[in-house]
Amino acid sequence: MVFVPGYSKGKMPYGAFAVRTAVTPRSWENDSTDDVSTLVVDTDKSGRRLTDVVDGQDIAFNRPVGGTISAFGYSATRPQLGEELLRCVGTAKKKSGVQAIPCDMSGGSSGGPWLADFNATTGKGVLVSVNSALDSLTPTEMQGEVLGATAKKVYERAQQG
């Protein structure tokens, strides 16, 4: 598996970074709760670190649900077929232990970031969740975990490896 920042229609403007390991909570493996994971990537072919090439986003753990959220993903829907980054913008609301925003991205968008305070000019925001699932009864609503204590532990474990 590789991470390709800025990917669009076969173009890889910042190169590719091989994934060394994935850190996932046991609660996801055992009970399908806490749908979060962190990928640790190696340097690129030139020895550059990902954050030196494209910077990074701040992360907010235990942030209250609400506010305007931009969710991103590579949806498998037509005509994009996973080749273009899509964005949904909406107000987050609590829903059955997770949070939700209006969005109809489908398979392929899972794991895409939810950024609060997103600035389209700088590309910066604060990571508050990731695309997890479309509500089967409301397929125009994307759900994502609230990044709480479990997500923070996953993030901290990934920082070590």
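Quick note: structure is the one above.
Think of each chain on its own: its residues are numbered from 1, step by step along the sequence as written. In keeping with the predicted nature of the model, local features appear solely for residues at pLDDT of at least 70, side-chain atom pairs appear and are counted solely at 80 or more, and the whole-chain, interface and lining totals rest on all residues. Here the side-chain values reflect all heavy atoms present in the structure, with hydrogen atoms and water set aside.

Q: What am I meant to see in the pattern of salt bridges here?
A: Close approach of charged atoms allows side chains with opposite charge to pair. Salt bridges are defined by distance alone: a side-chain nitrogen of Lys or Arg within 4 Å of a carboxyl oxygen of Asp or Glu. Tallied over the entire structure, the rule returns seven salt bridges. The closest approach of N and O atoms between Glu84 and Lys9, which form a salt bridge, is 3.9 Å. Of this pair, Glu84 sits in the loop between strand E5 (68–73) and strand E6 (86–91) while Lys9 sits in the loop between strand E1 (2–3) and strand E2 (17–23), and the two are 75 residues apart along the sequence. Owing to a relative accessible area of 28%, Glu84 belongs among the partly exposed residues under this scheme. Assessed through its relative accessible area of 54%, Lys9 is described here as exposed. The structure contains a network of salt bridges with shared partners spanning Lys93, Lys95 and Glu141. Secondary structure elements follow DSSP: runs of H or I no shorter than four residues count as helices, runs of E no shorter than two count as strands, and numbering proceeds from the N terminus. Burial here depends on accessible area, computed with a 1.4 Å probe over protein chains only, as a share of the maximum for the residue type. Under 20% is buried, over 50% is exposed, and the range in between is partly exposed.

Q: Where do I start with the pairing of strand E9 (residues 113–119) in this structure?
A: Strand residues, when the strand is regular, have side chains that alternate between the two faces of the sheet. Taken together, the three bridges between E5 and E9 define a ladder with antiparallel strand orientation. Looking across to E9, one finds that Ala71 is bridged to Trp114. Strands are labelled as partners when DSSP assigns at least two bridges between them. Across five bridges, E9 lies against strand E10 (residues 124–130) in antiparallel orientation. Bridged to Trp114 within E10 is Ser129. The hairpin turn running from E9 into E10, its antiparallel successor, is four residues long, and Gly123 in that turn takes a positive phi close to 75 degrees.

Q: It is not clear to me how the state of the cysteines should be interpreted in this structure. Could you clarify?
A: Each disulfide consists of a covalent bond between the sulfur atoms of two cysteine residues. By convention in this document, the label disulfide applies to cysteine sulfur atom pairs within 2.5 Å. Overall, the coordinates contain one disulfide when judged by the stated rule. Paired through a disulfide, Cys88 and Cys103 show a sulfur-sulfur distance of 2.1 Å. Its torsion about the S-S bond being 65 degrees, the disulfide of Cys88 and Cys103 is classed as right-handed. You can see Cys88 sitting in strand E6 and its partner Cys103 sitting in the loop between strand E8 (98–102) and E9, a full 15 residues away along the chain. When sorted by exposure, Cys88 lands in the same class as Cys103, which is buried.

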